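So you can see what is in the structure, the chains are spelled out below.
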Amino acid sequence: MSARAQILGRYELVVGMEVHAQLATQSKLFCGCAVGFGGPPNTRTCPVCLGHPGTLPVLNAEAFAMVHRIALAFGADVRDATEFDRKNYFYPDLPKGYQISQLHHNVGGGDGREGGRLQLLRSGKFVRMHNVHLEEDAGKLLHLGDGGSVVDLNRAGTPLAEIVTYPDLRSVEEVDDFMDTLTEVLLALEVCRCRMQEGNLRFEASVSVRPRGAEFLGPRTEIKNLNSYAAVRRAVAYEFARQVALLEAGASPRQETRLWDPEEAVPYEQGVPPARRADPALLASLLPEVEGGWRGRTQFMRAKEDAHDYRYFPEPDLPPYAVAPEQLDAWRTSLPELPGARRARYAEELGLPQKAAEALTRERGLAAVFEQLLALEVPAAAAANYVLNPLQAALKERGLSPAESPVSPERLAELHSLIEEDNGLSRDLVFKQVWPRVLDEGLSPREAVAKYGIEGASSDAVVAATDAAWAENPRAVRDLLAGKKKAAGAIVGAVMKRLRGQADPRAIHARIAELLAQTRGED
Amino acid sequence: MSDALCWQSAGTLAAAVRRGERSAVEVLEAHLDRARAVEPRLGAFVRLCEERARRAAEEIDRRVAGGEDPGPLAGVPLGVKDNLCVRGVETTAASRILSGYLPPYTATAVARLEAAGAVVLGKLNLDEFAMGSSTETSAYGPTRNPWDPERVPGGSSGGSAASVAAGEVPLSLGSDTGGSIRQPAALCGCVGVKPTYGLVSRYGLIAFASSLDQVGPLARTCADAALALDALVGPDPRDATSASPPWDPAARPFAAAVAAASLEGRTLGVVPEYLERTADPEVRTAVEKALGAAERAGARLREVSLRSADEAIPAYQIVSTAEASSNLARYDGVRFGRRCAAPKDLEDLYARTRGEGFGREVKRRIVLGTFVLSSGFYEAYYLRGQDARRRVRADLLAALDDVDALVGPTSPVPAFRLGERLDDPLAMYSVDVFSVSANLAGLPALSLPCGFTAAGLPVGLQLTGRPFADPDLLALGRGLEEALALPKRRPLP
Ligand SMILES: [Zn+2]
């Protein structure tokens, strides 16, 4: 065991996540401005989201429904009435000087209520959710080169679901598993576009370390400025190493907020007294080995004592929003099957290989095509094969999503019939000659067959060719009679060669079986 | 002739304009003349919008000439408290921090009165951000009481009350967070109504304390206030706290209630705690005389006790300052209004913009409100304030169980001298002692003139009703007006 593994092995990483997911609504949370990304600054704004005097918020029902669907998907205890709180702080990207959020009246969980849980896709582990709540996004403050700053409020007022977990994650791999799982769940719920590069989905990690086997939680650092999945993984790995390095030196981490600094733009531990800095050499030795050397570190931002007093209080401009039990039921029963459950069902009930089950549920929309094929009575294994091989490859080539597929599930099912029917068309033949025409010319499989006169070898031709191959391959026949089933391949190959690949292998096998039976009978 | 127009009721003026007997322009010019004559002594308006008003009046005259009906307030000159936004018209809440601010939209309350034919004559003075009871904290300087220019008009809607009392406009809009419509109405001798919370949209009202603020009309008679209320009330999709009343606002319930007003068989609840706390004996005498007149007109008086009376002011101070500290956070010099010159950095921008832009009283309340919401003090102050608020509401609702309205003085004192209470915040806050409860409880309340002191200062009587009993409250007010039959007096000849 390496020295690194030995030292890290004495400690346990403890991570909780705080996630901000921009809800994929048409308009902002409290006004009619469009939600979007990019565009000229301050063009998606109005008096309400600019915080003009006298303006008032009006709750977006679509966002309200979406955040409830998220909470329900986790199985959280959802309130029958939702209230909002004001979180007060000054910043130029926050037009009103407060953010409308929820502290005591989270949509799901919080305040000792059940927050539900999320089962990780890869490890199967359950992560407990603390709460899910609804709040508004801030704008963006941009610092200019000349020392000045400008503010773009296009984003201000975009609805956010804030999702907070308990500190249940124990490794970088689990953190990664969590991010992937949550992303898939949010995509399946169709509540978030989940494009991290556009800021749709933002993770903050709360990291602490304790001696392996300990029950207590160490002081945690909250890490911000994580704008990619890779940044989260690296920042958590770095923070684990940093805190372990401190503990190894007899120091103790402190509760503080840190910023991920991927380019190491800020000097090491700027603003931290030397006594509370981890030994750089020890820290470096504890970092994961990466090609080209490790880069990036967390940078001290503020200590717990300097944390804001947000002076939360109930938002007086918004009444409590009651949710009727029927509404809640309607949201609950309309939840889509989530990727985890779907994956398990594909593997266990439909008997698909784990890999196929995962592949079908990973890309949005693939499972929908698969389900439609099942509904058209295509057997699961064949349906999975059509979706994952020819269809997915064709979509990738054309840069299309499953929803934009040029081939309908009905045509895929027709393709399946064509292969299954006793028409002399082999699977290979269908995919080589029929499929490209279905894809490129918009023909149905049967139209393609008719238009191009595609035919397989007739059954008489197959019988004749097989009989000939049987006669010409005595060694294969001997092996077959001895019970070596693989020996049939030589005969099939010879038939195919003779018929230029147009034969249906099943017909050849059928004739071989007849010949075998005859030969045995003669003995 | 033109001066006589200024003392006509809004109802009379609108009727004449609708019939084509008077032009809206003629009505407007008469009121502008009156305003120009008295403003140097009064200071009710912070700005007149003559051009905008003329265009609106001409449009009304065109519509009348074309056979259209411009609405029940056709051509009625309207004064608007300067904390209500009017698109393109400077709106400052009497604060330096909003100097030069041109709202990009119009408040719902103003828009509804304009849609009914009212003509906005100008913006009216107030205590800065409506924080005050004397209109002395205005960045524009004080408004004076039309009955005695050495005295305050009350506040915070001092301009709204003084302008109506002085005949500059027959109708104005004010806002009432703890008595800011009713107390100046009492001190200036006019009618002021704070409707049930949610009945009039707050959209476009520059917020002081959101859960207490309510827009309402000031007029010289209950009938005129009712005319305005019929146009004002009703839910607004832009205000999530606006409410649907249990009656149809489109049926003009206020006009109907006032037309059928009678005190016969009605029960008024007299609150002994209020009479005991009435510091000025002349105010108490005037109110008691009015109660006698009401009885003679067929009303029954019943004593009802309000044990929460002493909790109202502290609860109000906590809730209103807490909300204000948050509501006023948006004035940071970043997006609109005033920004300090050459800020060094962000901290400096905030500190100097707000330090230079807000006046003393506003700062006092922001600091107080920030304190009561602070970690470690929230439970001891804010939550206790909310508890007290619930007790005040429960107490008032219980008191209203057996009576049609609670009755008492609006203010414990008549108009006081300019500067008299300005440096004594507690003395200033104490004049709201009878009015804040209605805001804490969200109940409708109005003030109407019930007499004069020996020195000729008006005394106001307050009626407080059950939630959404607003039309009936106006009917009771109208009944009292008839029973009292006060002689018509006009200030500032
Ligand atoms: Zn907007």
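About the cut-offs
Residues numbered from 1 in each chain as written. Chains lettered and ligands numbered in written order. Predicted model: local features only at pLDDT ≥ 70, side-chain atom pairs only at ≥ 80, totals over all residues. Heavy atoms only, no water. Helix = DSSP H or I, 4+ residues; strand = E, 2+ residues; numbered from the N terminus. Rg over C-alpha atoms; globule rule 2.2 N^0.38 Å. Buried < 20%, exposed > 50% of the residue type's maximum accessible area, 1.4 Å probe, protein only. Contact = heavy atoms within 4.5 Å. Areas by Shrake-Rupley, 256 points an atom, 1.4 Å probe, with all protein chains shown as cover. Lys, Arg positive; Asp, Glu negative; His and termini not counted. Charge placed at Lys NZ, Arg CZ, Asp CG, Glu CD. Buried area = accessible area lost by both parts, 1.4 Å probe. Salt bridge = Lys/Arg side-chain N within 4 Å of Asp/Glu carboxyl O. Polar contact = N/O pair within 3.5 Å; in protein donor to acceptor, adjacent residues only side chain to side chain. Nonpolar A, V, L, I, M, F, W, Y, C, P; charged D, E, K, R; others polar. Pairing = 2+ DSSP bridges. Axes fitted to C-alpha atoms, helices over the stretch in contact; angles between N-to-C directions. Parallel < 35°, antiparallel > 145°, perpendicular 65-115°, else oblique. Left-handed = near helix turned anticlockwise from the far one by under 90°. Donors = N, O, S within 2.8 Å, 3.2 Å for Na, K, Ca; no water. Core = buried A, V, L, I, M, F, W, Y, C linked by side-chain atoms within 4.5 Å. Domains from an automatic or database assignment.

1. Comments concerning the overall build of chain A
- When helices and strands are tallied, chain A shows 17 helices and 16 strands.
- The globule rule puts the C-alpha radius of gyration for 523 residues at 24 Å, and the 31 Å found for chain A is more than 25% above it.
- Referenced to the eigenvectors of the C-alpha coordinate spread, the extents of chain A come out at roughly 95 × 60 × 50 Å.
- Across the 523 residues of chain A, 51% fall into the buried class.
- Contacts in chain A between residues at least 24 apart in sequence constitute 71% of all its contacts with a sequence separation of at least 6.
- Surface summary for chain A: the accessible area is close to 23,800 Å², and the carbon and sulfur share equals 51%.
- One way to put it: in chain A the 62 positive side-chain charges average out to a point 4 Å from where the 72 negative ones average out.

2. Regarding the interface of chain A and chain B
- In this assembly, 32 residues from chain A lie in contact with 38 residues from chain B.
- Taken over both partners, the interface formed by chain A and chain B buries close to 2,700 Å², and the fraction arising from carbon and sulfur atoms is 60%.
- Inspection of the region where chain A meets chain B yields 1 salt bridge.
- For B:Arg202, the salt bridge is made with A:Asp317, and the minimal N-O distance between the two is 3.0 Å.
- Taken together, the links from chain A to chain B amount to 18 residue pairs in polar contact (both at pLDDT 80 or more).
- Every element with two or more residues in the side of chain A that touches chain B is listed here: β3 (85-88) and β15 (313-314) of chain A.
- Across the side of chain A that touches chain B, the residue classes tally to 21 nonpolar, 6 polar and 5 charged.

3. Observations regarding the sheet that holds strand β8 (residues 300-303) of chain B
Residues and elements named next belong to chain B.
- Pairing is mixed across the open sheet formed by 11 strands, whose spatial order is β1-β3-β2-β4-β6-β5-β10-β11-β9-β7-β8. Edge strands, defined here as strands with exactly one partner in the open sheet, are β1 (45-48) and β8. Between one strand and the next, the sheet's axes are offset by a mean angle of 30 degrees, whatever the strand orientation.
- In terms of strand pairing, strand β10 (residues 445-452) meets strand β11 (residues 458-464) through 7 bridges, oriented antiparallel.

4. Some words on the packing of helix α3 (residues 172-189) of chain A against helix α4 (residues 229-248) of chain A
Residues and elements named next belong to chain A.
- Between α3 and α4, the shortest axis-to-axis distance is 9 Å and the interhelical angle comes to 155 degrees. Between α3 and α4, the angle falls in the class roughly antiparallel. Crossing hand, α3 versus α4: right-handed. For the pair α3 and α4, the contacting residues are Val172, Val175, Asp176, Met179 and Thr183 in the first and Tyr229, Val232, Arg233, Val236 and Ala237 in the second.
- Per-class residue counts for the contact of α3 with α4 are 7 nonpolar, 1 polar and 2 charged.

5. Quick look at the coordination of the zinc ion
All names here are of chain A.
- Each protein donor to the zinc ion is listed here as Cys31 (SG), Cys33 (SG), Cys46 (SG) and Cys49 (SG); together their distances run 2.3 to 2.4 Å.
- The sequence pattern describing where the donors of the zinc ion fall on their chain is C-x1-C-x12-C-x2-C. Neither Cys46 nor Cys49 differs from the other in exposure class; each is buried.

6. Looking at the nonpolar core
- Grouped together as the largest cluster of nonpolar side chains are 78 residues, with contacts concentrated most on A:Met17, A:Ile70, A:Phe178, A:Leu186 and A:Phe203.
- Excluding residues that lie within four positions of it along the chain, A:Ile70 makes contacts with A:Leu23, A:Val132, A:Ala161, A:Ile163, A:Leu186, A:Leu189 and A:Val191.
- If you look at the next biggest cluster of nonpolar residues, it comprises 63 residues, including B:Cys49, B:Val270, B:Leu275 and B:Leu476.

7. Structural notes on the pairing of strand β12 (residues 221-226) of chain A
- The pairing of strand β11 (residues 201-211) of chain A with β12(A) spans 4 bridges and is classified as antiparallel. The residue bridging A:Ala205 from the neighbouring strand is A:Ile223, located in β12(A).

8. Some thoughts on the domain arrangement of chain B
Residues and elements named next belong to chain B.
- Considered domain by domain, chain B is made up of domain 1 (3-307 + 395-484) and domain 2 (309-394).
- The distance between the C-alpha centroids of domain 1 and domain 2 comes to 26 Å.
- Listed as interface residues are 38 residues of domain 1 and, on the opposing side, 32 residues of domain 2.
- For the pair domain 1 and domain 2, the two sides together bury roughly 3,200 Å², of which 59% comes from carbon and sulfur.
- Counting across the domain 1 and domain 2 interface gives 1 salt bridge.
- In this structure, the salt-bridge partner of Arg277 is Asp310, at a minimum N-O distance of 2.8 Å.
- With 5 residues, helix α17 (residues 436-441) is the largest single contributor of residues to the side of domain 1 that touches domain 2.
- In terms of residue class, the side of domain 1 that touches domain 2 is made up of 21 nonpolar, 10 polar and 7 charged.

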